[in-house]
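Fold and geometry: a report
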Amino acid sequence: MENEYEQRIESHLAQALQRVTPSSAFVNTVRGRIHNAAPQMAVKSFSQRRKSILLTLGGVLSASLLILTLARVAYYLIGRSKQAV
């Protein structure tokens, strides 16, 4: 019974996962887009003020995550030391 179920799953997967070859026009279009694409610079358009705001916000968030992590570690270690006594 279980072997038959596994065989049905295998046959469904074999049908669903058959190899598909894309057309050469599609491949050439994608290849052209990859080779001719200029790298995008999203940060380049930001003003200096916006960059400093983003850096400050990132720094504050990173520092707060570090403080919260250290507090959790300290709480965990203090709790374990009380259990050992």
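First things first, this report covers the structure right here in the doc.

What counts, and where the lines are drawn
- Residues numbered from 1 in each chain as written.
- Predicted model: local features only at pLDDT ≥ 70, side-chain atom pairs only at ≥ 80, totals over all residues.
- Heavy atoms only, no water.
- Helix = DSSP H or I, 4+ residues; strand = E, 2+ residues; numbered from the N terminus.
- Buried < 20%, exposed > 50% of the residue type's maximum accessible area, 1.4 Å probe, protein only.
- Patch = residues over 30% accessible without salt bridge, like charges linked within 9 Å, V, L, I, M, F, W, Y side chains within 5 Å.
- Areas by Shrake-Rupley, 256 points an atom, 1.4 Å probe, with all protein chains shown as cover.
- Salt bridge = Lys/Arg side-chain N within 4 Å of Asp/Glu carboxyl O.
- Expected span 1.5 Å × (residues − 1).

What follows covers the overall build of the protein chain. When you go through the protein chain residue by residue, the secondary structure sums to 3 helices and 0 strands. Starting at the N terminus and ending at the C terminus, the protein chain contains elements arranged as α-α-α. Here the protein chain holds 85 residues, and 0% of them are scored as buried.

Glancing now at a nonpolar patch on the surface. A cluster of nonpolar side chains, Tyr 5, Ile 9, Leu 13 and Leu 17, forms an exposed patch at the surface whose accessible area comes to about 410 Å². Along the chain, Leu 17 falls in the loop between helix 1 (2–16) and helix 2 (24–36).

Between the first and last C-alpha of helix 2 there are 18 Å, a value that for 13 residues agrees with the 18 Å anticipated at 1.5 Å per step. When you tally the buried positions in helix 2, you get 0 out of 13 residues, a small fraction of the element.

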